[in-house]
Amino acid sequence: MWNRRVPMLVVAALGLAGCASQKPVLYARGGGTPPGGEQAIATCTNLAQAAGLDYSKGRIGRRAVENGAVGGAGGAVAGAIYGNAARGAAAGAAGGIAAGLVRGLFHHDSGPAPAYRAYVNRCLRDRGYSPVGWN
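Caption draft 1: The arrangement of the packing of aromatic side chains in detail. Scanning all chains against the criterion turns up two aromatic pairs. Considering the side-chain rings of Tyr 55 and Tyr 116, the 5.5 Å spacing of their centres and the 75° angle between planes classify their relative orientation as edge-to-face. Here Tyr 116 lies in helix α5 (residues 114–126) and Tyr 55 lies in the loop between α2 (37–50) and α3 (59–82), a separation of 61 residues in the sequence. You'll find Tyr 55 and Tyr 116 in the same group, each marked buried. Taken together, the aromatic side chains of Tyr 55, Tyr 116 and Trp 134 make up a single cluster linked through ring pairs.

So this is what it looks like as structure tokens:
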């Protein structure tokens, strides 16, 4: 029974690790957040989502594909050395894709997808706020 729970706990932990996200930082004289800034950020992020934009659209999948290509090339070379380039390429690609997916769950320093960030920044500027970055 315990053996069945371990994989579920690992998946849950990975899922929670992927929930951290950045939000806009608004310029305010004297520091802090300008009055109404938190509400404006919430409104603009909701509008971005309603427009069909996704905070992390395609980023994790793209990294997985990139890693799969690199892994496949490396696996093909190793396979050629040891006598089976096709098998080596397949194993390398599978390993690269798996590594890309796992890395994508933990690698969050790139912030939101460019279109999402641009939409939210524009929305905030239209409401009179000055976004200066994302944290």
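Caption draft 2: Quick peek at α5. In this model α5 runs 18 Å from its N-terminal to its C-terminal C-alpha over 13 residues, within 8% of the 18 Å that 1.5 Å per residue would give. Here α5 has its buried residues at Tyr 116, Val 120, Asn 121, Cys 123 and Leu 124. Seen end-on, α5 carries its buried residues on one side only, within an arc spanning 160°. When the buried face of α5 is taken as reference, the exposed residues oriented beyond 90 degrees from it are Pro 114, Arg 122 and Asp 126. If you follow the buried residues of α5, they end up packed against β1 (24–26), α2 and β2 (131–134).

Conventions used here
Residues numbered from 1 in each chain as written. Predicted model: local features only at pLDDT ≥ 70, side-chain atom pairs only at ≥ 80, totals over all residues. Heavy atoms only, no water. Phe/Tyr/Trp six-rings, centres within 6.5 Å; stacked < 30°, edge-to-face > 60°. Helix = DSSP H or I, 4+ residues; strand = E, 2+ residues; numbered from the N terminus. Buried < 20%, exposed > 50% of the residue type's maximum accessible area, 1.4 Å probe, protein only. Expected span 1.5 Å × (residues − 1). Arc of directions from axis to C-beta. Contact = heavy atoms within 4.5 Å.

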